[in-house]
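Each chain is listed here by its residues.
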Amino acid sequence: AAAVWWYGIQLDAYGRSDEAIESARHVIALLPENALGHASLALFAARAERTSLAHESAARAEALNPGYGQLADLATAYALIGDRESAQRVFDTTQAAGYGKLPDHVFHVKMAIAIGDYDRAISHLEQALEEKFPFSVRSMLFFDRDFVAIRTIRQHPRYRALVARVRAEQGGLPEGPATAAF
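Residues numbered from 1 in each chain as written. Predicted model: local features only at pLDDT ≥ 70, side-chain atom pairs only at ≥ 80, totals over all residues. Heavy atoms only, no water.

The next thing to look at is the packing of aromatic side chains. Taken as a whole, this structure holds four aromatic pairs when the rule is applied. Ring plane angle 80° and centroid distance 6.4 Å describe the contact between tyrosine 99 and phenylalanine 107, whose orientation is recorded as edge-to-face. Through a chain of ring-to-ring contacts, the aromatic side chains of Tyr68, Tyr99 and Phe107 assemble into a single cluster. (Phe/Tyr/Trp six-rings, centres within 6.5 Å; stacked < 30°, edge-to-face > 60°.)

Shown next as structure tokens:
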């Protein structure tokens, strides 16, 4: 199930929405009572602008006691389909559960973007870079076109400065399909 889930994430990153949705459905078939597949289906459906499917899948994932990673995907899915109230509710749930204290900057970036707090999201990115932690934040900035969650803050001046800084530190962009659009 984990390999199928990761495959779905890659399909989604490359804009292959229908295949990503089918991958999430396969995860659900393998693990029907696990929030992972349902949260992924909600996120992939939201990105594909399939609002009803996204909302139904998100509600199912919430009923299955999702972990903090799935909660970030759910908040993102709700935000993408324009349901800021549900995104805020999921965010509030994570704060009440103590997830706000986790040292996972990617989680905090996703959650802040989902509730529309872009300054908070960028502050988490800046903090992660100052702490030299985690590698995933540097990857998120270096390959920012591959991270749909970042889409809403790409034009923010502080964000653009962070991307420029990380790219300069990395010595430019490597060649490949992920960077072809630059």
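Picking up where we left off.
All chains considered together, the criterion is met by 11 salt bridges. Residues arginine 47 and aspartate 12 are paired through a salt bridge, measuring 2.1 Å at the closest nitrogen-oxygen approach. With arginine 47 in helix 3 (residues 35–47) and aspartate 12 in helix 1 (residues 2–13), this residue pair connects regions lying 35 residues apart in the sequence. With a relative accessible area of 25%, arginine 47 lands in the partly exposed category. Residue classification places aspartate 12 among the buried positions, given a relative accessible area of 6%. Linking glutamate 126 and arginine 158 is a salt bridge whose minimum nitrogen-to-oxygen distance equals 2.8 Å. A residue pair is termed long-range when its members are at least 10 positions apart, and glutamate 126 in helix 8 (residues 118–130) and arginine 158 in helix 10 (residues 157–170) qualify at 32 residues. Taking relative accessible area as the criterion, arginine 158 reaches 27% and is therefore assigned partly exposed. Residues participating in the shared-partner salt-bridge network are Asp119, Glu126 and Arg158. (Salt bridge = Lys/Arg side-chain N within 4 Å of Asp/Glu carboxyl O. Helix = DSSP H or I, 4+ residues; strand = E, 2+ residues; numbered from the N terminus. Buried < 20%, exposed > 50% of the residue type's maximum accessible area, 1.4 Å probe, protein only.)

In short, shape yes, function no, at least from these values alone.
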